[in-house]
Amino acid sequence: MAREFGFEAWLLGASLLTCACSSSQEVANPGLVVGGDAQGDSGALTGQDATAPDVALVAQDVAQPTPDVVAAGKIAIYLKGVQDKPAAVDGLAAQTPTGFQIALSRYSVLKAIDDPAPQVCFDLKDQPAVADMAGDNLMGSCATSGLTTAMYSYGRTKVDWSKFTVKGTLHYGGQPYAGKFTFFRAWSDTVVAGKAYKAGTGTLRFQDNYGLVDNTVNYAYPPVISPPGVTMATVAGEFSITFPYTKPLPIVQGAPGDYWARFNWHVLDGFRWQDEDKATFAKDVWDVVMPPDVSEEVKMFGATGYDVTTSLD
C-alpha cells in the first residue's frame, strides 16, 4: 500500500508559461515554460489529498512539420518542443522533463496591444488543445474569411493549464525515496479529469519508484510577473498572454494565403537545479528535503529558451 504523509512548504518555485515576443531568445531564469526574461515563481503547499489530473492529449501531433501545405486562406498555430539545443554552460545539474503538456483553448489576433475588439481565430472553450512538448503540435487554425481585413501586430492566447514530470529523491523521516514529481498548474479556471480548479492553483504529486509513497498536495502559485514586451493577465478567471509578432501580419478577408506561427521551446535539459554537496545527496539527482531550506534550488523549470518561426520570415 502506498504511504501518504503531509508535506510542509517546499522551496519549489513554479512559473509556467510565458510566450515568445521575439524571433529568438535565451532565458536566464525562466518559469516552467519560458518566454523572454520570465521570472521563476515560488509557491507554498497548502493542503493534502488533492487529485493529480490525468489527461489525454488532444492536440494534433505533427511528426514532420509542413507549414507550406496549410490550406489557402488560413492561419495555423503550432507549439513544438525542441530536443536539439545544447544545454547552457552554467554549472547546473539538469534533466529533460517528461510528460510535458500545455493546454490552450483560444487564439486571437489584434491590430494593437490595446485593440478593443480582438479577432478570434479559434475558441475551443472547455475542450482545449493539449500540446505534447515531446514533439510538434497543431494547436488550432481558422479561415481568413472569418477575420476583418487589417494589419495585425499582436497575438493573444488563453492558457488553460500545464503539467510536467521530473525525476528526483524525496528525503523524509531520514529515508530517501527515489521517484518522480509531477507539477500541475491551472492557469485559468478549468475542469480537468472531472475536477474544477481556480486560476493560479494546482497540485504537486510525488510517487516513489516502488509504490510505497504516492502523495498529492494542493499547491498555491503566486501571481506571474510579465517579462518585457509580453502582457500576461488573469481577468475573470482567464489567463491570457499577449505578444507582438516579429513582423505585422497582413490579412485580407476571404483572400487566399497561408499564415502560420510556430513556437519552438527548447526543452532539452530544461529542468535545471543547483546541486549541493551533502552527504545524503547524489550528484546530478534533484534532492528534495523537509525543511525546505536544505532542498536543492531549482533555477529553470522546463525549458532553456525558445525561438519563433512564421510564414513571414
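Residues numbered from 1 in each chain as written. Predicted model: local features only at pLDDT ≥ 70, side-chain atom pairs only at ≥ 80, totals over all residues. Heavy atoms only, no water.

Our next topic: the sheet that holds strand 21 (residues 298-301). A sheet is described by the order of its strands in space; here three strands give the open sequence 5-19-21, paired in antiparallel fashion. Every other strand in the sheet has two partners, leaving strand 5 (93-95) and strand 21 as the edge strands with one partner each. The average angle at which neighbouring strand axes cross in this sheet is 15 degrees, direction not considered. As defined by bridge partners, strand 19 (residues 271-273) adjoins strand 21 across three bridges and the pair is classed as antiparallel. Across the sheet, the residue bridging to Trp273 is Val298, located in strand 21. (Pairing = 2+ DSSP bridges. Helix = DSSP H or I, 4+ residues; strand = E, 2+ residues; numbered from the N terminus. Axes fitted to C-alpha atoms, helices over the stretch in contact; angles between N-to-C directions.)

All right, on to the confidence of the model for the protein chain then. Detailed conclusions should not be drawn from predicted coordinates in areas where pLDDT is low. The predicted model of the protein chain averages 77 in pLDDT, with 73% of residues at 70 or higher. Put simply, strand 2 (residues 44-45) is where the protein chain has its lowest mean pLDDT, 36, and strand 8 (residues 129-132) is where it has its highest, 97. Every residue in residues 1-50 is under pLDDT 50, and counting partners more than four places away or in other chains gives 192 contacts. When the criterion is pLDDT under 50, residues 62-71 qualifies, and its contacts beyond four places in sequence or with other chains add up to 15 contacts. (pLDDT = per-residue confidence, 0-100. Contact = heavy atoms within 4.5 Å.)

Moving on, we get to the state of the cysteines. A full pass over the atoms with the stated rule returns one disulfide. The disulfide partner of Cys121 is Cys142, and the S-S distance across this bridge is 2.2 Å. Residues Cys121 and Cys142 are joined through a disulfide that is left-handed, its torsion about the S-S bond being -105 degrees. In this pair, Cys121 is assigned in strand 7 (residues 119-123) and Cys142 in strand 9 (residues 136-143), connecting sequence segments 21 residues apart. For the pair Cys121 and Cys142, a shared accessibility class is recorded, and that class is buried. (Disulfide = S-S within 2.5 Å. Buried < 20%, exposed > 50% of the residue type's maximum accessible area, 1.4 Å probe, protein only.)

Right, let's get into the environment of Ile113. Inspection of the secondary structure assignment puts Ile113 in the loop between strand 6 (98-110) and strand 7. Exposure remark for Ile113: the relative accessible area of 37% places this residue in the partly exposed category. Sequence separation between Ile113 and Ser153 is 40 residues, and the spatial gap between their C-alpha atoms is 7.9 Å. Once you skip the residues sitting within four places of it in the chain, Ile113 turns out to touch Tyr154, Arg156, Thr231 and Thr242.

Attention now moves to the packing of aromatic side chains. Under the definition given, this model contains 13 aromatic pairs. Aromatic side chains Phe243 and Tyr245 sit 6.3 Å apart centroid to centroid with 85 degrees between the ring planes, which places their arrangement in the edge-to-face category. Each member of the aromatic cluster is reached from another via a ring pair, and the members are Phe100, Phe164, Phe181, Phe183, Phe206, Phe271, Trp273 and Trp286. Over the ring of Trp187 we find Arg185, and its NZ or CZ is 3.9 Å from the ring centre. (Phe/Tyr/Trp six-rings, centres within 6.5 Å; stacked < 30°, edge-to-face > 60°. Lys NZ or Arg CZ within 6 Å of the ring centre and 35° of its normal.)

Attention shifts here to the pairing of strand 18 (residues 258-266). Burial of strand 18 is extensive: eight of the nine residues sit out of reach of the surface. Across nine bridges, the pairing between strand 4 (residues 74-82) and strand 18 is parallel. Looking across to strand 18, one finds that Ile77 is bridged to Ala261.

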